Each structure stands twice: as structure tokens, then as C-alpha cells.
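# Residue-level structure breakdown
The residues making up each chain are set out below.
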Amino acid sequence: MDGTLVDSEKLWDVSLSALYDSFGGSMSRETRALLVGASAEETMVTVYAELGLEPDPEAMAESIRWLHDHTAGLFDGGLPWCDGAREMLEALAAERTPMALVTNTQRGLAERALNSIGRHYFSVTVCGDEVPSGKPAPDPYLRAAELLGLAPADCLAVEDSVTGTAAAETAGCAVLVVPNDVPVPGGRRRRHVGSLAELEVSDLRRIHLELDRESRKRSA
């Protein structure tokens, strides 16, 4: 969702900066890069460590609530689409291709985002607080494939972050990487493109087929 469909990472920048300001600190570029695609819990562990705060579970939970409330207000103002993302969703929906939204964002905030994106595109949605472990663990993608009634190997994940790409790949999905703010390294089950605007639905099918064939050759 964040950074793949909608360019909401910039809104997260605003919220995270406001959180740091409330503690009298500022966020480094290195930390911001680490937080792209991270779960709420991982984010707050990193934030508290950089600010030198005691990692008190109750205080961190309250900070997560504050961060999500602040971000929700920004989401309600509308989310800017990433290049080609809405057009791709429309094209896939026209072909009745099953789609799952897989995000580390917690359900409450994801629902606010879906008000802007449109939940009708997705057969299922899986959020970070609905699985044992969020990305980079494979749990969100394994759950999404299960809900779709598909093997992970039959799915093509579209990701923008190191964390999300690792989760999808570990789950067994082929991955189309469309980097946003942070570079994502290459891998055996990954294909990079600059933007979804460069692709048609047929390209997604071709990329999945090519990655699947390459994977089978290596396994043989």
C-alpha cells in the first residue's frame, strides 16, 4: 500500500517528524530509510532507540497510537497515487484478476487509507496486526495467498521496499519491485521496473512466467 499504490510515505514523513518534535528530537535520514515498510512495533523500537528513550512497552504503545491518529488525519485528506498504480488496478479489475492488499499498516489505519484508494479493487486485505509477524516475515503474504486460495508461487507480489520484498520472496512469491524512496537490491525471484506506468497487465503475467521458469530451472 504505502509507496507502492499511493505515495503515502511522504505523509508518514510528516507524522514521524511531528512525533520526533514532540520529544524534542529529529529523525536522521538513515533511520527514515530503515522505517520504510516496517511494522508499527519495529518503527517504535527504532524511534525510541534513536531518541535515547527508555523502551517502555506502555509508552511505546501510546506513541504508536499517537502516530497512527496523526497519520489517519493526513490520510483523510486524500492520498496521492503512485505513477500507473490506479490504472493498473483498474486494468486488473476489468479482467477480474484476484488481488490482495498486503500491508504492514495496522487494520484501523489501513481502512482509513482504503477510503481513498478504494477497497473494491481487492478480493482480500491483510494487515500487519492480523498475522503472527509482519514483514519482513513471510506471514502476511502466506496469509494473503491462503485467503486467495492460491499457492504463493502462483502469485506476483508488487513491492517498493526492502522489507516487503523480503517478505514476499521468503513466502515463495515472485516479486515485481517498483522502488519508491529506498533502493531495493536485486534477487533471484525479483524483477525491477521504474514505474507501473511502464507496464500493461500482460507484462505482469509475462514477468511472473519468466521468474517462475527461472526458479524452476535453478531447482532442477
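A few words on the overall build of the protein chain. In terms of helices and strands, the protein chain carries 9 helices and 5 strands. Start at the N end of the protein chain and walk to the C end: the helices and strands fall as α-α-α-α-α-β-α-β-α-β-α-β-β-α. Projected onto its principal axes, the C-alpha coordinates of the protein chain cover approximately 55 × 35 × 30 Å. Taken across its 220 residues, the protein chain has 48% of its residues classed as buried. Relative to all contacts within the protein chain whose residues are 6 or more apart in sequence, the contacts with residues 24 or more apart total 56%. Put simply, the protein chain shows about 10,700 Å² of open surface, and 51% of that area lies on carbon and sulfur atoms. Of note, the protein chain has its 21 positive side-chain charges centred 9 Å away from the centre of its 35 negative side-chain charges.

This part is about the state of the cysteines. Inspection of every chain in the model, using the stated rule, returns 0 disulfides. In this structure C82 is not part of a disulfide, and its nearest cysteine sulfur, from C127, lies 18 Å away. Between C127, a free cysteine, and C173, which holds the nearest cysteine sulfur, the sulfur-to-sulfur gap is 17 Å. The exposure class assigned to C127 is buried, which follows from its relative accessible area of 1%.

The amide bond that connects K135 to the next residue, P136, takes the cis arrangement and shows omega of 15°. With phi around 60°, R96 is a residue other than glycine that occupies positive phi space. When you line up the elements, R96 lands in the loop between α5 (85-94) and β1 (100-102).

Judged by nonpolar contacts, the single largest core of 42 residues is most densely connected at M44, V47, F122, L176 and L199. Among the secondary structure elements, those contributing two or more residues to this core are α1 (9-22), α3 (40-51), α4 (57-75), α5, α6 (107-117), β4 (174-177) and α9 (201-219). V131, Y141, C155 and A168 belong to the second-largest nonpolar core, a separate cluster that totals 15 residues.

Rules and cut-offs
Residues numbered from 1 in each chain as written. Predicted model: local features only at pLDDT ≥ 70, side-chain atom pairs only at ≥ 80, totals over all residues. Heavy atoms only, no water. Helix = DSSP H or I, 4+ residues; strand = E, 2+ residues; numbered from the N terminus. Buried < 20%, exposed > 50% of the residue type's maximum accessible area, 1.4 Å probe, protein only. Contact = heavy atoms within 4.5 Å. Areas by Shrake-Rupley, 256 points an atom, 1.4 Å probe, with all protein chains shown as cover. Lys, Arg positive; Asp, Glu negative; His and termini not counted. Charge placed at Lys NZ, Arg CZ, Asp CG, Glu CD. Disulfide = S-S within 2.5 Å. Core = buried A, V, L, I, M, F, W, Y, C linked by side-chain atoms within 4.5 Å.

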